[in-house]
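Letter by letter, the chains look like this.
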Amino acid sequence: MTRTMLEPLTYDPRGLMIEGTGLAPANLAALAGRLEQARSQVLEEARLWASGTVPAELEPLDAGFIDLPDRLLADYARDRAGSELARILAAARRLAGLVDRVVLLGIGGSYMGACALFQACCHPCHNELDRGERGGRPRIYFEGNNVDNDACQGLLDLVDHSRGPSSDRLENSWGIVVISKSGGTLETAVAFRQFLAALRRACGNDVADVAERVVSVTGSSGRLFELSRALACRDVFFIPEGVGGRFSIFTAVGLLPAALLGLDIVALLNGAAAMNARFKAVPPGNNPVLDYVGVCHLMEVLRGAHVRVLATWGKGLEAAGFWYDQLLSESLGKQEKGATPITVVNTRDLHSRGQQHQEGRRDKLITNLIVDRPRREPLSVGRSELDQDQLNSLAQKTLPDIMAAAIEGTNLAYADDRRPTADLHLPRLDEAALGQLFQMLMLATVVEGRLIGVNPYGQPGVEAYKRHMNAILRGK
Ligand code: PA5
């Protein structure tokens, strides 16, 4: 295992230490005891969940996500061939060898994690590269996350190229990964019906071929489970009990698409397990989970920072930000509580939301999500005989130099106006760093829930629209 080699994510709240509008070290010190209590509660809940003795008053309690990375890794170390990870890797290899396009159907927690991993870790133009440049990995498209007629048909147009005389060519071959824990989510189910019909046509109604090309990830019962059985799908993965949708990125929900794309899912889980170890052992003041919760909570209650801006720097983390938007909103947006998350992508959004963040209401906490080193060699501005743009004076500067100046300059501009910020640093944009980040944010969300007296599990509010929509559709 590479856990000892892992470069840690760091949380640096020094930009918050602004008298009057930010926090003082004493504020954080005063909260330390309550944070430790919330941590103990969360760990006790994980223990209760694992022992199968959750008292009724704690339900719903989906604490199964907490030790999941450790369990999966231990299982893999013990049983290289028969473990869940081995099954995921084998199914991913098989499907990647069979098809060149995968349509991933899912919504909410059954979609956002996979999308975040794809955007952060794959080549930015992955789908446009040829198969060799993609390392033999399929292109991926996300659907079933809406009921947009034209978007759905647009993707059907694309995959339907596999019909006709060249349909046996690998580059025209496609498959479906359908993900739904409940198995009954309308958006995903309707899309599955459309894409399954198209796939059956593409396979000339060959039942065995369809069964090879549809992989489902679902609960151990429900409509999708039944449908997968009827299709005799070769690979079906189960989302374990006690892991809620938005906490399921380290189940087959996130791991299967990641493995399909050739990502290192062991490194991802090692990152998550390393975050667990820090969370459990390290005191507040040096514990990214507890420190992040402490800062966010205090900024909200002491300074009215009800809007939590996750300012990602670079293009790879927008989907990770959207994943966090869902996690925070569905977990803590209850009982008229819970901060409002917003994801921004800088420097892009300095040219849109930047004005408001610099001079608007003082209701925001800005957390910068910064990647310390790019994956590729730094690109220089370079010299040109066409210097009308006057960039020759910056010829030696690289894009990472400009990014670093933008981050520092923006933080200084906020600080000049007494607007506090905190920085979350990922050493690189890779699986190990993302594993740490996702686990940190999931742990932080449940700790904060316990701190403010909100059950972070379950999402009763999401049911209201579904009730109305179903009644309207069925004419009741
Ligand atoms: O966090 C959750 O549980 C939800 O956001 C679900 O992930 C989302 O509603 C999709 O549900 P399902 O996986 O059952 O289709």
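Scroll up to find the structure.
First, a word on scope: everything that follows refers to the structure included in this document. The structure presented is a predicted model; accordingly, all values stated were derived computationally and were not measured. (Residues numbered from 1 in each chain as written. Predicted model: local features only at pLDDT ≥ 70, side-chain atom pairs only at ≥ 80, totals over all residues. Heavy atoms only, no water.)

Looking now at the sheet that holds strand S3 (residues 139-143). Strand order in the open sheet formed by five strands is S3-S2-S4-S5-S6, and the pairing between neighbours is parallel. Two strands in the sheet have a free side with no partner beyond their single neighbour: S3 and strand S6 (235-238). Strand-to-strand twist of the sheet, defined as the mean angle between neighbouring strand axes without regard to direction, takes the value 15°. In this sheet, strand S4 (residues 174-180) lies alongside strand S2 (residues 101-105) in parallel orientation, the contact comprising five bridges. When the sheet's bridge partners are listed, Val102 is paired in S4 with Gly175. Sheet contacts for helix H8 (residues 223-231): S4, strand S5 (214-218) and S6; angle to S5, the most-contacted strand, approximately 150°. (Pairing = 2+ DSSP bridges. Helix = DSSP H or I, 4+ residues; strand = E, 2+ residues; numbered from the N terminus. Axes fitted to C-alpha atoms, helices over the stretch in contact; angles between N-to-C directions. Contact = heavy atoms within 4.5 Å.)

Below, the discussion takes up the site of the ligand. Around the ligand, a shell composed of 13 residues is seen, among which Ser110, Ser180, Ser182, Thr185 and Gln326 lie nearest. Glu330 is positioned with one of its side-chain polar atoms (N or O) 3.0 Å from an oxygen atom of the ligand. Take Gln459: an N or O atom from its side chain is 3.4 Å from an oxygen atom of the ligand. In the complex, 89% of the free accessible area of the ligand, which totals 380 Å², lies under the protein chains. Placement of the ligand is best described as lying within the second largest pocket. Grouping the constituent residues of the shell around the ligand by class yields one nonpolar, nine polar and three charged. (Near = heavy atom within 4 Å. Polar contact = N/O pair within 3.5 Å; in protein donor to acceptor, adjacent residues only side chain to side chain. Areas by Shrake-Rupley, 256 points an atom, 1.4 Å probe, with all protein chains shown as cover. 1 Å grid on protein atoms, 1.4 Å probe; cavity = no way out; pocket = protein on both sides within 12 Å on 5 of 7 lines; lining within 4 Å. Sits in = over half its atoms within 2 Å of the grid points. Nonpolar A, V, L, I, M, F, W, Y, C, P; charged D, E, K, R; others polar.)

Another aspect to go through is the layout of surface pockets. Rolled over the atoms, a probe as big as a water molecule pinpoints where empty space is left. Roughly 1,500 Å³ of volume is contained in the largest pocket. Contributing to the lining of the largest pocket are 42 residues, with Gly314, Lys315, Gly316, Pro374 and Met403 lying nearest its centre. Counting only elements with at least two residues in the lining of the largest pocket, the list comes to helix H4 (112-121), helix H12 (318-332), strand S9 (364-373), helix H14 (399-416) and strand S10 (421-428). Ranked by residue count, the leading element in the lining of the largest pocket is H14, at eight residues. Within the lining of the largest pocket, the residues separate by chemical class into 24 nonpolar, nine polar and nine charged. (Points joined across faces, edges and corners; volume = space filled by probe spheres on them.)

Applying the stated criterion to the full structure yields 27 salt bridges. Measuring nitrogen to oxygen at the nearest pair gives 2.6 Å for the salt bridge that ties Asp67 to Lys280. Of the two residues, Asp67 is situated in the loop between helix H1 (25-51) and helix H2 (68-78) and Lys280 in helix H10 (residues 265-281); the sequence distance between them amounts to 213 residues. Overall, the relative accessible area of 23% leaves Asp67 in the partly exposed class. Look at Lys280 and you get partly exposed, because its relative accessible area is 37%. For Lys466, the salt bridge goes to Glu463, with nearest N and O atoms at 3.5 Å. Of this pair, Lys466 and Glu463 both sit in helix H16 (residues 462-473), separated by three residues, roughly a single helical turn. According to the relative accessible area criterion, Lys466 is partly exposed, its value standing at 26%. Looking at Glu463, the relative accessible area reads 34%, which means it is partly exposed. Each of Arg94, Glu212, Arg234 and Asp235 takes part in a single network of salt bridges with overlapping partners. (Salt bridge = Lys/Arg side-chain N within 4 Å of Asp/Glu carboxyl O. Buried < 20%, exposed > 50% of the residue type's maximum accessible area, 1.4 Å probe, protein only.)

Looking at the secondary structure, you find Gln436 in helix H15 (residues 431-452). Between the C-alpha atoms of Gln436 and Asn276, which are 160 residues apart in sequence, the distance is 8.4 Å. Apart from residues no more than four positions distant in its own chain, Gln436 is found in contact with Leu6, Glu7, Pro8, Leu9, Gly271, Ala272, Met275 and Arg278.

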